[in-house]
Amino acid sequence: HFNLKLKLLIDKVVSPLQVRDTSFKRHFLGEAAVAVSFSLLQQIYQACFNFYSILVKAESSSDDTRIEIIADAYLQFAPSLQLFAQYGAQNTNLLNTIKRNERQLLELFSAEVRLESSLILPLEHYHNYQQELKEYFILTPTNVNGYKQLNTALTQITIQSDNIELKLRDEEDRLQLLTLQNSFWGNPV
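What you see is a predicted model; the values in this text were computed from it and never measured. (Residues numbered from 1 in each chain as written. Predicted model: local features only at pLDDT ≥ 70, side-chain atom pairs only at ≥ 80, totals over all residues. Heavy atoms only, no water.)

As a further point, take the overall build of the protein. Counting its regular elements, the protein contains nine helices and zero strands. Ordered by position from the N terminus, the helices and strands of the protein form the series α-α-α-α-α-α-α-α-α. Along the first, second and third principal axes, the C-alpha set of the protein runs to 60 × 40 × 25 Å. Within the span of the protein, comprising 189 residues, buried residues form 37% of the whole. Put simply, 75% of the contacts in the protein that link residues at least 6 apart link residues at least 24 apart. If you sum the accessible surface of the protein, you get close to 11100 Å²; carbon and sulfur atoms cover 53% of it. Mean positive and mean negative side-chain charge positions of the protein (17 and 21 charges, respectively) differ by 6 Å. (Helix = DSSP H or I, 4+ residues; strand = E, 2+ residues; numbered from the N terminus. Buried < 20%, exposed > 50% of the residue type's maximum accessible area, 1.4 Å probe, protein only. Contact = heavy atoms within 4.5 Å. Areas by Shrake-Rupley, 256 points an atom, 1.4 Å probe, with all protein chains shown as cover. Lys, Arg positive; Asp, Glu negative; His and termini not counted. Charge placed at Lys NZ, Arg CZ, Asp CG, Glu CD.)

So, in structure tokens, the structure goes:
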């Protein structure tokens, strides 16, 4: 479901904007937050696609190897969660750039393209990986092959998820400080 929404966002918004056939597109993609965020969205999609491909293969594997395959999938995917943290750090700047260019973007895309909500989607989704693995871990008997790997995978996913939360809080604090500074002294240099 998430992969499909992310793929649609890339196909309907990111890819058409990356065709720099107008001065607006060239200017818009010249904004650092846009260029970095669009690149991160594509990397997030690829990481999630690869992860889910492995999980689909695990479904058709034997009971003896399924848990080990799932644990390995999560272990391989855990470092990719940093892409979500990097994306989160850029998201406010990206949304501000979208807001500043709203009129031109509406000319390019129909009103049914909900750009802001689509761009927030990855930040709402990354929590699911830890939650789903934790539920799977709890339901897994302790005496099966791969249980220790599954525990390691859960630890790694939890560490990465906590790291994302910390980075997002730091970014939020930084933005609040800039807002406060702006209210006292005007725009910071």
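On we go.
For the pair helix α2 (residues 23-30) and helix α3 (residues 32-59), interaxial distance at closest approach is 5 Å and the crossing angle is 80°. Judged by the angle between their axes, α2 and α3 are roughly perpendicular. Listed contacts from α3 to Phe28, Leu29 and Gly30 of α2 are Ala32, Val34, Ala35 and Phe38. Of the residues belonging to the contact of α2 with α3, the class tally is six nonpolar, one polar and no charged. (Axes fitted to C-alpha atoms, helices over the stretch in contact; angles between N-to-C directions. Parallel < 35°, antiparallel > 145°, perpendicular 65-115°, else oblique. Nonpolar A, V, L, I, M, F, W, Y, C, P; charged D, E, K, R; others polar.)

We now examine the nonpolar core. Judged by nonpolar contacts, the single largest core of 51 residues is most densely connected at Phe38, Tyr74, Phe77, Phe84 and Tyr129. The greatest single-element share of this core, amounting to eleven residues, is contributed by α3. Setting aside residues no more than four positions away along its own chain, Phe84 makes contact with Phe2, Ile44, Cys48, Phe77, Pro122, Leu123, Tyr126, Tyr129 and Ile164. (Core = buried A, V, L, I, M, F, W, Y, C linked by side-chain atoms within 4.5 Å.)

One pass over the full model with this rule turns up 13 aromatic pairs. On the basis of an interplanar angle of 45° and a centroid distance of 6.2 Å, the ring pair of Phe84 and Tyr126 is categorised as tilted. Taken as a pair, Phe84 in helix α5 (residues 81-100) and Tyr126 in the loop between α7 (115-125) and α8 (127-139) lie far apart in primary sequence, 42 residues in all. Note on Phe84: relative accessible area 1%, which makes it buried. (Phe/Tyr/Trp six-rings, centres within 6.5 Å; stacked < 30°, edge-to-face > 60°.)

Between its terminal C-alpha atoms α5 stretches 29 Å, which fits the 28 Å expected from 20 residues at 1.5 Å a residue. Along α5, the sharpest change in direction is near 45° and occurs at Asn91. Buried residues of α5: Leu81, Gln82, Leu83, Phe84, Ala85, Tyr87, Gly88, Asn91, Leu94, Thr97 and Ile98, and no others. (Expected span 1.5 Å × (residues − 1). Bend = angle between axes of the 7 residues up to and from the residue.)

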